[in-house]
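The residues making up each chain are set out below.
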Amino acid sequence: MKRPILIHPDPRLKKVCSPVDDITGELSKLADDMLETMYDAPGIGLAAPQVGVLYRLIVLDCVKEEGAAPCPMVMFNPEIVASSEETSVYEEGCLSIPEQYAEVTRPAEVEVAWIDQQGHPRKQTFDKLWATCVQHEIDHLNGKLFIDYLKPLKRQMITRKMQKLKRERARA
Ligand code: NI
């Protein structure tokens, strides 16, 4: 089932989310719904607070090549356990900030530990787009958006555009 995606600014997008103690059927269903919502958008990552649920849960799939097999990943309580000195720059966007893009510099490689949908602990190193995406999604769990990395003026400009978009959508 698709879920509505919150649009910035929204107080729920600024909250630090709670760890998941127990992957209940409800939370597992939420992860499936988030994947469906992400693919439909379409996007390459989605965090639970973006659908209004303040738990530490993200989903991602950064496979972009036409015809390549999808690689859906579900991460409960994801944590960056190591980051490279080397950085990379990607033009980022966010399903909660539609049609706004900006370059963000982040560590080029990160090692992430998480609990998968079956409750098993996992650890993996990510690079390239996957590294950027997983960091962007984990930021969401700490109430941080990619525009928080931008200069204040640019951030305010984007926020005003989003306020206007929300007013227009509310009228529609
Ligand atoms: Ni985002």
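In the block above lies the structure referred to throughout.
Below you will find a few notes about this structure. Only a predicted model underlies this, so the values are computations on that prediction, with no experimental measurement involved.

Looking at the sheet that holds strand E6 (residues 110-115)
Okay, step 1: Spatial ordering of the open sheet is given by E1-E2-E3-E6-E7, a layout of 5 strands whose pairing is antiparallel. The open sheet terminates on both sides in strands that have one partner only, identified here as strand E1 (45-47) and strand E7 (121-126). Taken pair by pair, the neighbouring strands of this sheet meet at an average axis angle of 40°, ignoring direction.
Okay, step 2: The strands touched by helix H1 (residues 25-40) within the sheet are E1, strand E2 (57-60) and strand E3 (73-83), with E2 carrying the most contacts at an inclination of about 40°.
Okay, step 3: Relative to E2, helix H2 (residues 128-141) is tilted by about 155°, and along the sheet it contacts E1, E2, E3, E6 and E7.

What about the pattern of salt bridges?
Okay, step 1: Scanning the model with the defined rule gives 9 salt bridges in all.
Okay, step 2: Across the pair aspartate 40 and lysine 2 runs a salt bridge whose closest N-O atoms are separated by 2.8 Å. Here the residue aspartate 40 occupies a position in helix H1, and lysine 2 occupies one in the segment before H1, the gap between them amounting to 38 residues.
Okay, step 3: With relative accessibility at 46%, the residue lysine 2 sits in the partly exposed group.
Okay, step 4: Residue aspartate 33 is joined to lysine 29 by a salt bridge in which the shortest nitrogen-to-oxygen separation is 2.8 Å. Residue aspartate 33 and its partner lysine 29 are both found in helix H1; the two are separated by 4 residues, about one turn of the helix.
Okay, step 5: By relative accessible area, which is 1% here, aspartate 33 ends up buried.

Notes on H2
Okay, step 1: The buried fraction of H2 amounts to 13 of the 14 residues, a majority that puts the element mostly inside the structure.
Okay, step 2: Looking one or two places after H2, you find glycine 143, whose phi comes out positive at around 70°.

Focus on the coordination of the nickel ion
Okay, step 1: Taken together, the protein donors to the nickel ion comprise Cys94 (SG), His136 (NE2) and His140 (NE2), at separations of 2.1 to 2.3 Å.
Okay, step 2: On the primary sequence, the residues serving as donors to the nickel ion are separated as C-x41-H-x3-H. With histidine 136 and histidine 140 both in helix H2 and 4 residues apart, this pair spans about one turn of that helix. Each of the two residues, histidine 136 as well as histidine 140, counts as buried.

Focus: the environment of lysine 166
Okay, step 1: With respect to the helices and strands, the residue lysine 166 is situated in helix H3 (residues 152-171).
Okay, step 2: In this structure lysine 166 comes out as partly exposed when scored by relative accessible area, which is 28%.
Okay, step 3: Taking the C-alpha atoms as reference points, lysine 166 and lysine 151, separated by 15 residues in sequence, lie 23 Å from one another.
Okay, step 4: Only 3.0 Å separates the side chain of lysine 166 from the backbone oxygen of isoleucine 7, close enough to count as a polar contact.

Considerations on H1
Okay, step 1: Given a rise of 1.5 Å per residue, 16 residues ought to cover 22 Å, and the 22 Å separating the end C-alpha atoms of H1 matches this to within 8%.
Okay, step 2: Here H1 has its buried residues at Leu27, Leu30, Ala31, Asp33, Met34, Leu35, Thr37 and Met38.
Okay, step 3: Elements in contact with the buried residues of H1: E1, E2 and E3.

Regarding the pairing of E6
Okay, step 1: Alignment of E3 against E6, held across 5 bridges, turns out to be antiparallel. Paired with isoleucine 80 across the two strands is valine 112, which belongs to E6.
Okay, step 2: Across 6 bridges, E6 lies against E7 in antiparallel orientation. If you follow valine 112 over to E7, its bridge partner there is glutamine 124.
Okay, step 3: Taking the residues that link successive antiparallel strands as the turn, the E6-E7 hairpin has 5 residues, and the phi of glycine 119 there is positive, at about 90°.

Basis of the calculations
Residues numbered from 1 in each chain as written. Predicted model: local features only at pLDDT ≥ 70, side-chain atom pairs only at ≥ 80, totals over all residues. Heavy atoms only, no water. Pairing = 2+ DSSP bridges. Helix = DSSP H or I, 4+ residues; strand = E, 2+ residues; numbered from the N terminus. Axes fitted to C-alpha atoms, helices over the stretch in contact; angles between N-to-C directions. Contact = heavy atoms within 4.5 Å. Salt bridge = Lys/Arg side-chain N within 4 Å of Asp/Glu carboxyl O. Buried < 20%, exposed > 50% of the residue type's maximum accessible area, 1.4 Å probe, protein only. Donors = N, O, S within 2.8 Å, 3.2 Å for Na, K, Ca; no water. Polar contact = N/O pair within 3.5 Å; in protein donor to acceptor, adjacent residues only side chain to side chain. Expected span 1.5 Å × (residues − 1).

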